[in-house]
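Here are the chains, one letter per residue:
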Amino acid sequence: MQDQEIPFEPDLADLPKAEWLSRLMQAAEDQGFFKPLGRKHFAAHIRRGDTLVVTFESVQGMRALSERAEPLGWSMVRDNDWSHLCIASDGDTWFRDRHVIGLFDQLVDDGFFDDFETVLFYGAGPCGYAAAAYSVAAPGAQVLLIQPQATLDPRVTEWDDRFIEMRRTDFTSRYGYAPDMLDACTQAYVLYDPVERLDAMHAALFTRAGVTQYRLRNMGDTIQSDLMAMNVLPDLLEMAAEGTLDDLQFAKIYRARRTYPGYLRRVLAALDRNERTELTYMMARNVVSRMKRAPRFQRRLAEIDALRNVANARSAEPED
């Protein structure tokens, strides 16, 4: 293993796309390898410790979600001394590309994954599909998936009308049906919001031995971004890699939502949609009592109090 620190400075933020890619390429080549995979994909490897995290990410996601505009796994390299393999796509491709397939065939033939004591595959959405699908290349791996699709083969998921432009894409050949590819993993975790109907339907297809599903109700359709904003995704990755993520540990980590404005606003909106005024009032009062700044909840409390005062005034009026 190499002892020098990864040259992550200056970071990749606010760079034009071409320069961003050039600097990322240089950082990977200095510490591991960089491989273009056709026109829309590349692989970047940073070699460190004997835990390897394999992340599937989009170029757009890296440049938008990280303050440093870097691959998600680079923070795990810095903080945990993990090794990292980033498989990146330019746009949402679900990584259904012969060059990506060829890379994993080569990695298997070279015994790449055998060099690591622990391997964790991670991805969200289309990248979650890929993390599940390609995890079969590393038997015994741990897998963490957020809102993954199982397949976009219309014969299986014709009910998903979000990605109709992908229906001509082959999801039936090698590394095709993501849930089946999890049979070789040690443990997989699937996170999704059951209120998001199509995400929940895909998650149901992952129901099988060795897969634990966590339901993040009212977290919405951008769970990865929310977990990053709550600063709990690194903990989830660590526990998933170590195989220590269970119901109790997840509940402890997920308590962070109690002070996360995005989640609280979505719960408030759901209660209002369902006309659960008493629960809305109780929740708003609880949030205001715990948080220094909660103007939306303060306004909602005032609105409900005003409506109650009007109702009480009317009920107190004498009948003619």
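Further up the page is the structure itself.
Quick notes on the rules
- Residues numbered from 1 in each chain as written.
- Predicted model: local features only at pLDDT ≥ 70, side-chain atom pairs only at ≥ 80, totals over all residues.
- Heavy atoms only, no water.
- Pairing = 2+ DSSP bridges.
- Helix = DSSP H or I, 4+ residues; strand = E, 2+ residues; numbered from the N terminus.
- Axes fitted to C-alpha atoms, helices over the stretch in contact; angles between N-to-C directions.
- Contact = heavy atoms within 4.5 Å.
- Parallel < 35°, antiparallel > 145°, perpendicular 65-115°, else oblique.
- Left-handed = near helix turned anticlockwise from the far one by under 90°.
- Nonpolar A, V, L, I, M, F, W, Y, C, P; charged D, E, K, R; others polar.
- Salt bridge = Lys/Arg side-chain N within 4 Å of Asp/Glu carboxyl O.
- Buried < 20%, exposed > 50% of the residue type's maximum accessible area, 1.4 Å probe, protein only.
- Arc of directions from axis to C-beta.
- Polar contact = N/O pair within 3.5 Å; in protein donor to acceptor, adjacent residues only side chain to side chain.
- Disulfide = S-S within 2.5 Å.

**Some thoughts on the sheet that holds strand E2 (residues 41–46)**
Here is step 1: Spatially, eight strands are ordered E1-E2-E4-E3-E5-E6-E7-E8 in an open sheet, and the strand pairing comes out mixed. The sheet terminates laterally at strand E1 (32–37) and strand E8 (211–215), the two strands that pair on one side only. When the angles between neighbouring strand axes are averaged without regard to direction, this sheet yields 15 degrees.
Here is step 2: By the bridge criterion, five bridges tie strand E6 (residues 142–146) to strand E7 (residues 187–192) in an arrangement that is parallel. Bridging from a neighbouring strand, Ile146 pairs with Leu191 of E7.
Here is step 3: Lying on the sheet, helix H4 (residues 98–109) is in contact with E1, E2, strand E3 (51–58), strand E4 (83–89) and strand E5 (118–124); it crosses E1 at an angle near 145 degrees.

**Some words on the packing of helix H12 (residues 261–273) against helix H13 (residues 277–290)**
Here is step 1: Here H12 crosses H13 at 160 degrees, and the two axes come no closer than 9 Å. Here H13 runs roughly antiparallel to H12, going by the angle between their axes. H13 is crossed by H12, and the crossing has left-handed handedness. Where H12 abuts H13, its residues Leu264, Val267, Leu268, Leu271 and Asp272 lie against Leu279, Thr280, Met283, Val287 and Arg290.
Here is step 2: Of the residues contributing to the contact of H12 with H13, the split by class is seven nonpolar, one polar and two charged.

**Digging into the environment of Met291**
Here is step 1: Note on placement: Met291 falls in the loop between H13 and helix H14 (295–316).
Here is step 2: For Met291, the residues in contact, after removing those within four places along its chain, are Arg258, Thr259 and Leu264.

**So, the pattern of salt bridges**
Here is step 1: Taken as a whole and assessed by the stated rule, the structure comprises 13 salt bridges.
Here is step 2: Its salt-bridge partner being Arg78, residue Glu70 comes within 2.6 Å of it at the nearest N-O pair.
Here is step 3: Arg78 sits in the partly exposed class, given a relative accessible area of 35%.
Here is step 4: Salt-bridge contacts for Arg300 lead to Glu303; the nearest nitrogen and oxygen are separated by 3.2 Å. With Arg300 and Glu303 both in helix H14 and three residues apart, this pair spans about one turn of that helix.
Here is step 5: On the basis of relative accessibility, which here comes to 17%, the residue Arg300 falls in the buried class.

**What about the environment of Phe34?**
Here is step 1: Along the chain, the position of Phe34 falls in strand E1.
Here is step 2: Judged by relative accessible area, which is 11%, Phe34 ranks as buried.
Here is step 3: Along the primary structure Phe34 and Thr207 are separated by 173 residues, whereas in three dimensions their C-alpha atoms are 35 Å apart.
Here is step 4: If we skip the residues at most four places from it in the chain, Phe34 touches Leu21, Leu24, Met25, Ala28, Glu29, Phe42, Ala43 and Ala44.

**Looking at helix H11 (residues 247–254)**
Here is step 1: Phe250, Ile253 and Tyr254 are the residues of H11 that are buried. End-on view of H11: buried residues confined to an arc of 90 degrees, all on one side of the axis.
Here is step 2: The N-capping residue of H11, defined by a side-chain oxygen 3.2 Å from the backbone nitrogen of Leu248, is Asp246.

**Focus: the state of the cysteines**
Cysteine pairs can be covalently joined through their sulfur atoms, and such a bond is termed a disulfide.
Here is step 1: With the rule as written, the count across this model stands at zero disulfides.
Here is step 2: Cys86 takes part in no disulfide bond, and the closest cysteine sulfur, belonging to Cys127, lies 8.8 Å away.
Here is step 3: According to the relative accessible area criterion, Cys86 is buried, its value standing at 0%.
Here is step 4: A residue is classified by how much of its surface remains accessible, and Cys127, at 8% relative accessible area, is buried.

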